[in-house]
Amino acid sequence: MRHGKKINHLGRKTAHRKAMLANMACSLIEHKRINTTVAKAKALKQFIEPLITKSKAENNVSAEKGTHNRRIVFKNLRDKYAVTELFSVVSEKVADRPGGYTRIIKLGNRLGDNADMAMIELVDFNELYNAGKPKKKSTRRSRRSGGEAEVVSAEKETKVEEAQTETEAKTDDSKE
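Residues numbered from 1 in each chain as written. Predicted model: local features only at pLDDT ≥ 70, side-chain atom pairs only at ≥ 80, totals over all residues. Heavy atoms only, no water.

Asks: Lay out the pairing of strand β2 (residues 102-109) with the relevant residues and their values.
Replies: Where β2 meets strand β3 (residues 116-122), 7 bridges bridge the pair, whose relative direction is antiparallel. Residue pairing across strands places I105 opposite M119, the latter belonging to β3. Counting the residues that bridge the hairpin from β2 to β3 gives 6 residues, and of these N114 lies at a positive phi of roughly 65°. (Pairing = 2+ DSSP bridges. Helix = DSSP H or I, 4+ residues; strand = E, 2+ residues; numbered from the N terminus.)

Listed below in C-alpha cells is the structure:
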C-alpha cells in the first residue's frame, strides 16, 4: 500500500533524483519546453512550480527577501544562468498568473520501450496555444452594489438618448 507517499521516487536514489530534477528544471527554464516521460514530467511540475512562485516580483519586494529567494532557488537548481533567466525573463511573463505555470501534454508512447511520453512547457511562452484566446479580464464582484452601478446605468441612459437624437436627426434630414 502507498499510504502517505507523496513523492514519486522514479526508481532512483535521492541524490540521483534531485540532480535529475534540477537538470530537467534548468533545461525547461532555458528551452521553455522539454520532452520526457509522463512520470518525470509530473515530478518536475511539483519541483519547479514553487521555484517559479519564489521568483515572482511580488515575492521579492525587499532586497532581503529577493536575495533569500534567489538563494533558495539556487540551492535547488545549482545553475546560476538558469536562476538569472528565471528571475528576469520567466518571472516577468508569469507576473499576473496566480499559479499553474506549466502544462503537460501527452504525446503517446516511445518507440523503443513503449514508455508514455509527454511534453512539459511553460504556459506563458507558448504563443500558438494562447493566440486564439483573448486575455481574460478578472472582475471582482461585491455583494452590495455601490455607486458604480448607478454611474454605469446613467452613462448607458445618456448614450441611448444620444443615439435616439442622432437617428431623429438623420430621419429629419432624409425627409427634407
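Asks: How would you explain the pattern of salt bridges if you had to name every residue and give the values?
Replies: This model, assessed by the stated rule, comprises 7 salt bridges. A salt bridge links K56 to E58, with the nearest nitrogen and oxygen atoms 3.9 Å apart. On the basis of relative accessibility, which here comes to 53%, the residue E58 falls in the exposed class. Three or more residues joined by partner-sharing salt bridges are found here, namely R33, R103 and E121. (Salt bridge = Lys/Arg side-chain N within 4 Å of Asp/Glu carboxyl O. Buried < 20%, exposed > 50% of the residue type's maximum accessible area, 1.4 Å probe, protein only.)

Asks: For the environment of T36, give the residues involved together with the corresponding values.
Replies: Residue placement: T36 occurs in strand β1 (residues 33-37). Owing to a relative accessible area of 9%, T36 belongs among the buried residues under this scheme. Through-space distance from the C-alpha of T36 to that of K106 is 9.7 Å; in sequence the pair is 70 residues apart.

Asks: Report on the nonpolar core, specifying residues and quantitative values.
Replies: In terms of nonpolar packing, the biggest core is built from 30 residues, with L28, L44, F47, I52, V73, L77 and L86 touching the most fellow members. Here this core takes 8 residues from helix α2 (residues 38-55), the largest share from any one element. The contact partners of F47, leaving out residues within four places of it in the chain, are L21, A22, A25, N76 and L77. (Core = buried A, V, L, I, M, F, W, Y, C linked by side-chain atoms within 4.5 Å. Contact = heavy atoms within 4.5 Å.)

Asks: Which residues make up the packing of aromatic side chains, and what values do they have?
Replies: Under the defined criterion, the tally for this structure stands at 0 aromatic pairs. Geometry around F125 places K32 over its ring, the cationic atom sitting 5.0 Å from the centre. If you follow K93 out to its NZ or CZ, it ends over the ring of F125, 5.2 Å from the centre. (Phe/Tyr/Trp six-rings, centres within 6.5 Å; stacked < 30°, edge-to-face > 60°. Lys NZ or Arg CZ within 6 Å of the ring centre and 35° of its normal.)

Asks: Before we move on, can you summarise helix α4 (residues 80-93) with the specific residues and values?
Replies: Taking 1.5 Å of rise per residue, the 14 residues of α4 would be expected to cover 20 Å, and the 19 Å separating its terminal C-alpha atoms lies within 8% of that figure. Largest kink in α4: about 35°, centred on L86. Of the residues making up α4, those classed as buried are A82, V83, L86, F87, V90 and S91. (Expected span 1.5 Å × (residues − 1). Bend = angle between axes of the 7 residues up to and from the residue.)

Asks: Requested: an account of helix α3 (residues 63-77), with residues and values cited.
Replies: Relative to the 21 Å expected for 15 residues at 1.5 Å per residue, α3 spans 21 Å between its end C-alpha atoms, a close match to the ideal helical length. Three or more residues of α3 are buried, namely G66, N69, V73 and L77. Projected down its long axis, α3 shows its buried positions confined to an angular sector of 70°, all on one face. Residues of α3 that are exposed and angled more than 90 degrees away from the buried face: E64, R71 and K75. Structurally, α3 contributes buried residues whose contacts are with α1 (14-31), α2 and α4. Backbone geometry just downstream of α3 places R78 in the positive-phi region, at approximately 60°. (Arc of directions from axis to C-beta.)

Asks: Lay out the sheet that holds β2 in plain terms, naming residues and giving numbers.
Replies: Spatially, β1-β3-β2 is the arrangement adopted by the 3 strands of the open sheet, whose pairing is antiparallel. Two strands close off the open sheet at either side, each with one partner strand: β1 and β2. Averaged over neighbouring strand pairs, the angle between their axes works out to 25° when direction is ignored. Lying over the sheet, α1 contacts β1, β2 and β3, oriented at roughly 145° with respect to β1. (Axes fitted to C-alpha atoms, helices over the stretch in contact; angles between N-to-C directions.)

Asks: Give a detailed account of the layout of surface pockets, specifying residues and quantitative values.
Replies: As a volume, the second largest pocket reaches approximately 320 Å³. For the second largest pocket, the lining is made up of 15 residues, of which I7, L21, A43, Q46 and F47 are closest to its centre. For the lining of the second largest pocket, the elements supplying multiple residues, two or more each, are α1 and α2. With 7 residues, the top contributor of residues to the lining of the second largest pocket is α2. Class assignment of the residues belonging to the lining of the second largest pocket gives a composition of 7 nonpolar, 4 polar and 4 charged. (1 Å grid on protein atoms, 1.4 Å probe; cavity = no way out; pocket = protein on both sides within 12 Å on 5 of 7 lines; lining within 4 Å. Points joined across faces, edges and corners; volume = space filled by probe spheres on them. Nonpolar A, V, L, I, M, F, W, Y, C, P; charged D, E, K, R; others polar.)

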